[in-house]
Structures are given as C-alpha cells and as structure tokens.
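Fold and contact review
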Amino acid sequence: TDVALAVDLWGVPHIAFADGTAQSKLTVLRMVDGMWELVGVRGISAGRVSSVVLKFDGWRPFVSYRDVAHGLRTTVLRFDGSHWEPLGKPGFSPSAATASSLAIAHGVPYAALTQHDVRDRV
C-alpha cells in the first residue's frame, strides 16, 4: 500500500504516505489539535515510494518502504526528533522487494520482505 496509519505511545495518530504533492515521495504527518502537521519535512525519500509501513518504538516513528530511486529496494528510516535518518544503507535489500513488514523491539527494527527476482523468497 502507499499509505500507513499508526498511533504512538501517547495515542497520537500518524500517517506515512506517497505524497502526490511531493512527486509521490514519502511524507509523514501527525495529528496535533485536530490538524495534520509534518513530521520532519515533506518528501523524505529519494524517489517515489510504495509498500509503506509505519511503526513506533514508544514515541519514535520508523518507516520502511520500496523506493523507486533505489530500484524498488527496501529502505528503513527512523525519526530522531528533528530529522529522518536511514538505518543502514538506503535500498539495503539485495533486489527489488515485492512486499515488506516491519517490527521494532527495544529500539531495534526488524524488516521482513519478499524479493521478486528470487521467486518471492522471504
């Protein structure tokens, strides 16, 4: 999917999505006083995104996605309170990913994905 919804530790909803106003790059918003506000800046990915996943470790959001700029490979980012930072190399998966999942345990992200060019191997 091109949109993901998750709630942080304090019950604040966040959305991560392929932003049509930013060339379908990734944007993350949170609800504050009934209005959506940016988490960081608009269009944080290198290219168009799909398979967006949004998870939290307490208050800290993590996102994973397929990035066209990296050959549809998976990228994982973490928000440090003011900036989005890549965890590992952007587009770290060995080949294009067809689907992905993300879990966070004690601040450590775990990504699972399937790879199209190897018969959808996990």
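The notes below deal with the structure included here. (Residues numbered from 1 in each chain as written. Predicted model: local features only at pLDDT ≥ 70, side-chain atom pairs only at ≥ 80, totals over all residues. Heavy atoms only, no water.)

1. Comments concerning the pairing of strand 3 (residues 25-32)
Strand direction decides the pairing type here: strand 2 (residues 13-19) and strand 3, joined by six bridges, are antiparallel. In the strand pairing of strand 3, A16 is matched with V28. Counting the residues in the hairpin turn of strand 2 and strand 3 gives five residues, including Q23, whose phi is positive at 55°. Counting the residues that bridge the hairpin from strand 3 to strand 4 (residues 35-38) gives two residues, and of these D33 lies at a positive phi of roughly 50°. (Pairing = 2+ DSSP bridges. Helix = DSSP H or I, 4+ residues; strand = E, 2+ residues; numbered from the N terminus.)

2. Structural notes on the nonpolar core
L26, V63 and W84 are the most contacted members of the largest nonpolar core, which totals 16 residues. Per-element accounting of this core gives the leading share, four residues, to strand 5 (residues 49-57). Setting aside anything within four residues of it in sequence, one finds W84 in contact with V28, V39, G40, I44, P61, V63, L77, R78 and F79. Ranked by size, the runner-up nonpolar core spans six residues in total, among them V53, F62, L102 and I104. (Core = buried A, V, L, I, M, F, W, Y, C linked by side-chain atoms within 4.5 Å. Buried < 20%, exposed > 50% of the residue type's maximum accessible area, 1.4 Å probe, protein only. Contact = heavy atoms within 4.5 Å.)

3. A word on the pairing of strand 4
The pairing of strand 3 with strand 4 spans four bridges and is classified as antiparallel. When the bridges of strand 4 are listed, L29 appears paired with L38.

4. Observations concerning the environment of R60
The residue R60 is located in strand 6 (residues 60-67) in this model. Separated by 51 residues in the primary sequence, R60 and L9 have C-alpha atoms spaced 8.7 Å apart. Aside from chain neighbours lying at most four places away, what touches R60 is K55, R78, F79 and D80. A polar side-chain atom of R60 sits 3.3 Å from the main-chain carbonyl oxygen of F79. (Polar contact = N/O pair within 3.5 Å; in protein donor to acceptor, adjacent residues only side chain to side chain.)

5. Re the environment of V28
Assignment of secondary structure puts V28 in strand 3. Here the alpha-carbon distance between V28 and G40, two residues twelve residues apart in the chain, equals 7.6 Å. Apart from the residues lying within four places of it in its own chain, the contact partners of V28 are I15, A16, E37, L38, V39, I44, V63 and W84.

6. Let's talk about the packing of aromatic side chains
Summed over the entire model, instances satisfying the criterion amount to one aromatic pair. Their ring planes at 50° and their centres at 5.1 Å tell us that F79 and W84 sit as a pair that is tilted. Pair check on accessibility: F79 and W84 agree, each one buried. (Phe/Tyr/Trp six-rings, centres within 6.5 Å; stacked < 30°, edge-to-face > 60°.)

7. Quick notes on the sheet that holds strand 8 (residues 84-86)
The strand order across the open sheet built from four strands is 5-6-7-8, with neighbouring strands paired in antiparallel fashion. The open sheet is flanked by strand 5 and strand 8, the only strands paired with a single partner. Direction aside, neighbouring strands of the sheet carry axes that sit 25° apart on average. Pairing between strand 5 and strand 6: seven bridges, direction antiparallel. Looking across to strand 6, one finds that V49 is bridged to D67. (Axes fitted to C-alpha atoms, helices over the stretch in contact; angles between N-to-C directions.)

8. Thoughts on the sheet that holds strand 4
Here we have four strands laid out as an open sheet, ordered 1-2-3-4, and antiparallel in their pairing. Of all the strands in the sheet, the pair left with one neighbour each is strand 1 (3-7) and strand 4. If you compare each strand with its neighbour and ignore which way they point, the axes differ by 30° on average.

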